[in-house]
Amino acid sequence: MASTGQPQSSLKRPSPAFNREGDKLMITPLGSGNEVGRSCVYMSFKGKRVLFDCGIRPAYSGMAALPYFDEIDPSTIDVLLITQLSTSIRLWK
């Protein structure tokens, strides 16, 4: 191994501080557990809140068809990402 002229201890990365609350990646499924539809995943990291998908369960109507939004405050969502579209959805121009 070639010498860099620096002491070995200065080549190591500093240990990150993982005990800060904002550094925790929190993933909360809000629907689609053992069922068709109602897919929704809530994720928070470093103060940002992301909602993935947010589908409905076609067998139900009204509030029963929606994901379990009572677990979160939807007004705090920073980004909503749609990762897939149903093949039954048709877009008309």
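Definitions and cut-offs
- Residues numbered from 1 in each chain as written.
- Predicted model: local features only at pLDDT ≥ 70, side-chain atom pairs only at ≥ 80, totals over all residues.
- Heavy atoms only, no water.
- Salt bridge = Lys/Arg side-chain N within 4 Å of Asp/Glu carboxyl O.
- Helix = DSSP H or I, 4+ residues; strand = E, 2+ residues; numbered from the N terminus.
- Buried < 20%, exposed > 50% of the residue type's maximum accessible area, 1.4 Å probe, protein only.
- Pairing = 2+ DSSP bridges.
- Core = buried A, V, L, I, M, F, W, Y, C linked by side-chain atoms within 4.5 Å.
- Contact = heavy atoms within 4.5 Å.
- Axes fitted to C-alpha atoms, helices over the stretch in contact; angles between N-to-C directions.
- Patch = residues over 30% accessible without salt bridge, like charges linked within 9 Å, V, L, I, M, F, W, Y side chains within 5 Å.
- Areas by Shrake-Rupley, 256 points an atom, 1.4 Å probe, with all protein chains shown as cover.

- Identification of the protein as Cleavage and polyadenylation specificity factor subunit 3-I-like from Nicotiana tabacum is taken from an unreviewed UniProt entry.

## Overview of the pattern of salt bridges
- In the structure shown here, the tally under the stated rule is one salt bridge.
- Where D23 meets K46, a salt bridge forms, and the shortest distance between an N and an O atom there is 3.1 Å. Of the two residues, D23 sits in the segment before β1 (26–31) while K46 sits in the loop between β2 (40–45) and β3 (48–53), which places them 23 residues apart along the sequence.
- K46 gets classed as exposed once you look at its relative accessible area, which sits at 51%.

## A short note on the pairing of β3
- Of the pairings in the sheet, the one linking β2 to β3 comprises six bridges and is antiparallel in character. Bridge pairing in β3 places V41 opposite F52.
- Between β2 and β3, which pair antiparallel and follow one another directly, the connecting turn spans two residues, one of which, K46, has a positive phi of 50 degrees.
- One ladder, built from three bridges, connects β3 with strand β4 (residues 79–81); its direction is parallel. Its bridge partner lying in β4, L51 is registered against L80.

## Remarks on the nonpolar core
- Residues L30, C40, Y42, L51, I72 and I77 constitute the largest nonpolar core, which totals six residues.
- Among all residues touching L30, those that are not within four sequence positions of it are C40, Y42, L51, P67, Y68, E71 and I72.

## With respect to the sheet that holds β2
- Across the sheet, four strands lie side by side as β1-β2-β3-β4; this open sheet has mixed pairing. Each having just a single partner strand, β1 and β4 make up the two edges of the open sheet. Across this sheet, the average inter-strand angle for adjacent strands is 20 degrees, counted without regard to direction.

## Structural notes on the environment of S32
- By the element assignment, S32 lies in the loop between β1 and β2.
- With relative accessibility at 29%, the residue S32 sits in the partly exposed group.
- Here the alpha-carbon distance between S32 and Y68, two residues 36 residues apart in the chain, equals 9.8 Å.

## Concerning the side chain of S44
- As for its position among the elements, S44 is in strand β2.
- Looking at S44, the relative accessible area reads 17%, which means it is buried.
- Each residue touching S44, except ones within four places of it in the same chain, is listed here: K24, L25, M26 and R49.

## Describing a nonpolar patch on the surface
- Judged by side-chain polarity, L25, I27, V41 and F45 come together as a nonpolar surface patch covering roughly 330 Å² of accessible area.
- Here V41 lies in strand β2.

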